[in-house]
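One-letter residues, chain by chain:
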Amino acid sequence: MKKVIIIYESVYGNTKQIAEAISKGINEHAELESIVKKTGEIHTDDLCNYDAILFGCPNHNQEPALNLLKFIDRASIVHLEGKIGAVFDTYTGGNKDVAAKKLETKVREKMLGIELIGRLSSKVTGRKGPLADDEEQKALEFGIQFGRKLDES
Ligand SMILES: Cc1cc2nc3c(=O)[nH]c(=O)nc-3n(C[C@H](O)[C@H](O)[C@H](O)COP(=O)(O)O)c2cc1C
């Protein structure tokens, strides 16, 4: 059984919803088990126990949410060689992918062992949400696809 952890930050709950949909998609694979944790709910040392790690957060002023960036900084001393991962963000307006791409750069800089194999950006209809139509379904499909790649790795 391969284990996956999805670490997220969220103010209004939309990014949490996306994290849970991705997790559901991953868990459709019989050989995979994923859990969802907010940054404050997990110690960075525990990351060693997972085969894959996903990171997600809202776009805050064109940047990934600060709490997740701080978590990644703290985790940079943990050995994560051979693991795979993915990033996701939530955004409003025309900022698709902006925070997720920066998150990708941050993970690549700070977590040298992780190979990132996916990126998702989900639109919310206003600062507090809710998620735009279909975004939850797309996140579920993203989870299924990520799980397939992990299964094959
Ligand atoms: C302080 C703050 C700054 C934000 N700045 C941006 C921004 O620059 N671009 C954008 O697309 N969304 C911005 N947003 C909207 C967030 O992306 C939106 O609130 C978030 O996706 C909702 O996710 P959550 O429910 O997980 O907190 C901002 C939200 C907050 C609270």
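None of the values given here were measured: they were computed from a predicted structure. (Residues numbered from 1 in each chain as written. Predicted model: local features only at pLDDT ≥ 70, side-chain atom pairs only at ≥ 80, totals over all residues. Heavy atoms only, no water.)

Visitor: How do you make sense of the packing of aromatic side chains when you look at a structure like this?
Guide: Two measures describe an aromatic ring pair: the distance that separates the ring centres and the angle between the ring planes. Under the definition given, this model contains zero aromatic pairs. Seen from the ring of Tyr50, Lys3 lies directly overhead, with NZ or CZ sitting 5.1 Å from the centre. (Phe/Tyr/Trp six-rings, centres within 6.5 Å; stacked < 30°, edge-to-face > 60°. Lys NZ or Arg CZ within 6 Å of the ring centre and 35° of its normal.)

Visitor: Please explain the pattern of salt bridges as it appears in this structure.
Guide: For side chains bearing opposite charge, pairing can occur when the charged atoms are close. According to the stated counting rule, one finds seven salt bridges in the structure shown. Among the salt bridges present, the one from Arg119 reaches Glu104, with a minimum N-O distance of 3.0 Å. Here Arg119, found in strand E6 (residues 115-123), pairs with Glu104, found in helix H3 (residues 98-110); they are 15 residues apart in sequence, far enough to count as distant. Exposure remark for Arg119: the relative accessible area of 34% places this residue in the partly exposed category. With a closest N to O distance of 3.9 Å, Lys138 and Glu135 form a salt bridge. One end of the pair is Lys138 and the other is Glu135, both in helix H4 (residues 135-152) and three residues apart, which spans about a single turn. On the basis of relative accessible area, Lys138 is assigned to the partly exposed category, the value being 43%. Among the ionic contacts, a cluster of salt bridges with common partners joins Asp73, Lys106 and Lys110. (Salt bridge = Lys/Arg side-chain N within 4 Å of Asp/Glu carboxyl O. Helix = DSSP H or I, 4+ residues; strand = E, 2+ residues; numbered from the N terminus. Buried < 20%, exposed > 50% of the residue type's maximum accessible area, 1.4 Å probe, protein only.)

Visitor: I would appreciate a short explanation of the environment of Val4 in the present structure.
Guide: Mapped onto the elements, Val4 comes out in strand E1 (residues 2-8). According to the relative accessible area criterion, Val4 is buried, its value standing at 0%. Put simply, Val4 and Asn49 are 45 residues apart on the chain and 8.9 Å apart in space, counted from C-alpha to C-alpha. For Val4, the contacting residues outside a window of four places in its chain are Ile26, Glu33, Ser34, Ile35, Tyr50, Ala52, Leu54 and Leu150. (Contact = heavy atoms within 4.5 Å.)

Visitor: Looking at this model, I keep getting lost on helix H1 (residues 14-27). Mind explaining?
Guide: Look at H1: 20 Å from first C-alpha to last across 14 residues, which is about the 20 Å you get at 1.5 Å a residue. Within the span of H1, buried status applies to Asn14, Thr15, Ile18, Ala19, Ala21, Ile22, Ser23, Gly25 and Ile26. Buried residues along H1 sit against E1, strand E2 (32-38), strand E3 (52-60), strand E5 (84-91), E6 and H4. (Expected span 1.5 Å × (residues − 1).)

Visitor: Would you mind showing me how to read the pairing of E3 here?
Guide: The side chains of a regular strand alternate between the sheet's two faces. Counting buried residues along E3, eight of its nine residues qualify, which places the element largely inside the surrounding structure. As paired strands, E1 and E3 are joined by five bridges and run parallel to one another. Across the sheet, residue Ile5 finds its bridge partner in E3, namely Ile53. When E3 meets E5, the two strands line up parallel, connected through seven bridges. Across the sheet, residue Pro58 finds its bridge partner in E5, namely Thr90. Note: E3 against strand E4 (residues 63-64), two bridges, orientation antiparallel. Of the residues in E4, the one forming a bridge with Asn59 is Pro64. Taking the residues that link successive antiparallel strands as the turn, the E3-E4 hairpin has two residues, and the phi of Asn61 there is positive, at about 55°. (Pairing = 2+ DSSP bridges.)

Visitor: Teacher, can you tell me more about the site of the ligand here?
Guide: For the ligand, the set of nearby residues contains 17 residues, the closest of which are Ser10, Asn14, Thr15, Thr90 and Arg127. Within the backbone of Asn59, an N or O atom sits 2.9 Å from an oxygen atom of the ligand. For the ligand, an oxygen atom lies 2.8 Å from a polar atom in the backbone of Thr92. Against a free-state accessible area of 630 Å², the protein chains account for coverage of 88% of the ligand. (Near = heavy atom within 4 Å. Polar contact = N/O pair within 3.5 Å; in protein donor to acceptor, adjacent residues only side chain to side chain. Areas by Shrake-Rupley, 256 points an atom, 1.4 Å probe, with all protein chains shown as cover.)

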